[in-house]
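Structure assessment
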Amino acid sequence: MRTHIRRGAVAVLLSFTLACSVACSADSGGGGGTGEPSAAGGGTPPPSGTAEASDEAGGGPGRASRTRPLTRAELQRALLSQGSVAGYTVRRGPKDALPPDATVAADRAECRPIVDAFGSRPKYPRTAYTSASLTKGDLSGTGEGTLSQLLLAAYRVGDAQRWLAELRRAVAACRGFTAIDGAGDREPLAITPGRNLAVGDASVSFLMRDEAGKDAPVAITVVRTGANTATYLSAGTSGRPEPVARAVADEQHRRMVDAGKVAR
């Protein structure tokens, strides 16, 4: 592949995005891809009575889905599968997509919401998650293709909304910071705000790249569906930014809304 993505200081982010294409290649159907956060994988919840932040500015159709937090099984059923979106190959992710040691920290506190998109110890703990990889085109290196790693996650009521509000502020304020992985390796990163998709209840989009410009940018889009989120980390073999397609995000949102309508 022309795209060069290293297993360096931000290996947690980039291996989560790309290594799954190898790990998942043997599994093109159901099974796997489900996570149950351990005590080590959670963050610190906000204190009782914390005011709920609004994430409504930018992205989303303006109609709240009010989808409740989905269970692991419901997220698994809602996850895109082969044939969900024309032209894409979908493979379920490994069960350990977010192992407890896959931590990423930011050297600036105001930038933490960004690394919480892919780290295993976010401020707002995930109550359940599942993952998949989506590929389109030629990933062999002779043509152009795209790869997206998709993480569906559920949160306690209010936490997903709080995180997206904080993420939107972080993307505007943190044009550059240093990411620190669990081994202590450091990587200066550059952030560029993107165009938020009019999908879901709210969305935030941005580009992340190494500050030196050695690697292809990773396009990150987070879409909120009630108390749940779909996070897309996308890269292309061309070296150009390749954000998730609107059709993909629309279909995933629809499936999550439908999953939340099923009585328990």
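Residues numbered from 1 in each chain as written. Predicted model: local features only at pLDDT ≥ 70, side-chain atom pairs only at ≥ 80, totals over all residues. Heavy atoms only, no water.

**Section: the nonpolar core**
Ile 114, Phe 177, Phe 206 and Met 208 are the most contacted members of the largest nonpolar core, which has 32 residues in total. Broken down by secondary-structure element, the contributors of at least two residues to this core are α3 (112-115), β5 (145-155), α4 (159-173), β6 (176-181), β7 (186-193), β8 (202-210) and β9 (218-225). Ranked by residue count, the leading element in this core is α4, at six residues. Ranked by size, the runner-up nonpolar core spans 24 residues in total, among them Ala 78, Leu 79, Leu 197 and Val 244. (Core = buried A, V, L, I, M, F, W, Y, C linked by side-chain atoms within 4.5 Å. Buried < 20%, exposed > 50% of the residue type's maximum accessible area, 1.4 Å probe, protein only. Helix = DSSP H or I, 4+ residues; strand = E, 2+ residues; numbered from the N terminus.)

**Remarks on the environment of Leu 164**
Counting through the fold element by element, Leu 164 comes out in helix α4. Distance from Leu 164 to Arg 224, taken between C-alpha atoms, is 7.7 Å for residues 60 residues apart in sequence.

**Some words on the state of the cysteines**
Taken as a whole and judged by the stated rule, the model has one disulfide. One disulfide in the model links Cys 111 with Cys 174; its S-S distance is 2.2 Å. Because the torsion about its S-S bond is -105°, the bridge between Cys 111 and Cys 174 counts as left-handed. Within this pair, whereas Cys 111 is found in the loop between β3 (104-106) and α3, its partner Cys 174 is found in the loop between α4 and β6, the two being separated by 63 residues in sequence. (Disulfide = S-S within 2.5 Å.)

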